[in-house]
Amino acid sequence: MHILNIIKEDFRRNSDIKIKISLMLFRLGNFNYFTIYFGHKVLYYIIKLFYKIVVEYWFNIELPLNTKVGKGLKIEHGQGLVVHYKTTIGNYVSLKHNTTIGCKTDQQGHCIRQSLIGNNIIIHPHSCIIGVTIGDDCIVGAGSIVTKDVEEKSIVAGNPAKLIKKIRKV
């Protein structure tokens, strides 16, 4: 999908101007990061500087430019959002404020298992997802600590997160 179509899809799913600016800068930086041409690499570093100042420091959204994110990302409020750069996020994922998506580390601090977030996922506020795979069409309840893989079409919540309900496809 073309970068402009992805930005349009992000704009369609988000109403807050702060989030639209953040996602537009993220998509442009992300596009230039994964492109091999020298001119794009120079542009990437310019965008990265602006992104660090505006998005990470002013808006308090830590979504690294080298994170793999599918189309239609929705960020609600965004305050306190932290995503590890090795995380992969699918299409049409909704992230709420104060959410952390990280990776499991060994004793030396090296990432040994990154998080994989599927398609059509809703992650509610104050959730912490560490080094797991979340299948498609899932909901993570508010305040959940997810440390084990989540099967597709599931609702999980709690600390530690447990299966609350399986979602039926209508």
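Refer to the preceding data block for the structure.
First, a word on what this report is: a plain description of the structure on this page. Since the structure is predicted, the reported quantities are computational estimates derived from the model, not experimental observations.

1. As for the pattern of salt bridges
Tallied over the full model, the rule gives eight salt bridges. Its salt-bridge partner being K96, residue E76 comes within 3.5 Å of it at the nearest N-O pair. Here K96 lies in the loop between β6 (94-95) and β7 (100-102) and E76 lies in the loop between β3 (74-75) and β4 (81-83), a separation of 20 residues in the sequence. Given a relative accessible area of 24%, E76 falls into the partly exposed group. Look at K96 and you get buried, because its relative accessible area is 15%. One salt bridge in this structure joins D149 and R113, with 2.9 Å as the shortest N-O distance. Note that D149 is positioned in the loop between β15 (145-146) and β16 (154-157) and R113 in strand β9 (residues 111-113), a separation of 36 residues in sequence.

2. A word on the sheet that holds strand β12 (residues 128-130)
Hydrogen bonds between backbone groups are what pair the strands of a sheet, and the pairing can be parallel or antiparallel. The five strands lie next to each other as β1-β4-β7-β12-β15, forming an open sheet whose pairing is parallel. Unpaired on one side and paired on the other, β1 (61-62) and β15 mark the two borders of the sheet. Note: β12 against β15, two bridges, orientation parallel. Residue pairing in the sheet places I129 in a bridge with V146 of β15.

3. Some points on the nonpolar core
Counting residues in hydrophobic clusters, the biggest one holds 32 residues, and the most contacted among them are L73, I117 and I134. Every element with two or more residues in this core is listed here: α2 (17-33), α3 (38-58) and β4. Non-local contacts of I134, meaning those with residues more than four positions away in its chain, are made with L116, I117, G118, I121, I129, V140 and V150.

4. Observations concerning α3
The first and last C-alpha atoms of α3 sit 29 Å apart over 21 residues, in line with the 30 Å expected at 1.5 Å per residue. At Y51, α3 is deflected by roughly 35°, the largest bend along its length. Within α3 the residues assigned to the buried category are Y44, I47, Y51, V54, V55 and E56. Looking at the buried positions of α3, the neighbouring elements they touch are α2 and β1. The positive-phi residue at the C-terminal boundary of α3 is N60, with phi of around 60°.

5. What to know about the packing of α2 against α3
Interaxial distance between α2 and α3 falls to 8 Å at its minimum, and their mutual angle equals 150°. Accordingly, the angle class assigned to the pair α2 and α3 is roughly antiparallel. When you trace α2 past α3, the crossing you get is left-handed. Across from S22, L25, F26, L28, G29, F31, N32 and Y33 in α2, the residues of α3 making contact are H40, K41, L43, Y44, I47, F50, Y51 and V55. Among the residues forming the contact of α2 with α3, the class breakdown is eleven nonpolar, four polar and one charged.

6. Observations concerning the packing of aromatic side chains
Using the criterion set out here, one finds three aromatic pairs in the structure. Taking 4.9 Å as the distance between ring centres and 90° as the angle between the ring planes, the aromatic pair formed by Y33 and F34 counts as edge-to-face. The partly exposed category is assigned to F34, whose relative accessible area is 42%. Note that K41 overlies the ring of Y33, its terminal NZ or CZ placed 5.2 Å from the centroid.

Reading the values: rules and limits
- Residues numbered from 1 in each chain as written.
- Predicted model: local features only at pLDDT ≥ 70, side-chain atom pairs only at ≥ 80, totals over all residues.
- Heavy atoms only, no water.
- Salt bridge = Lys/Arg side-chain N within 4 Å of Asp/Glu carboxyl O.
- Helix = DSSP H or I, 4+ residues; strand = E, 2+ residues; numbered from the N terminus.
- Buried < 20%, exposed > 50% of the residue type's maximum accessible area, 1.4 Å probe, protein only.
- Pairing = 2+ DSSP bridges.
- Core = buried A, V, L, I, M, F, W, Y, C linked by side-chain atoms within 4.5 Å.
- Contact = heavy atoms within 4.5 Å.
- Expected span 1.5 Å × (residues − 1).
- Bend = angle between axes of the 7 residues up to and from the residue.
- Axes fitted to C-alpha atoms, helices over the stretch in contact; angles between N-to-C directions.
- Parallel < 35°, antiparallel > 145°, perpendicular 65-115°, else oblique.
- Left-handed = near helix turned anticlockwise from the far one by under 90°.
- Nonpolar A, V, L, I, M, F, W, Y, C, P; charged D, E, K, R; others polar.
- Phe/Tyr/Trp six-rings, centres within 6.5 Å; stacked < 30°, edge-to-face > 60°.
- Lys NZ or Arg CZ within 6 Å of the ring centre and 35° of its normal.

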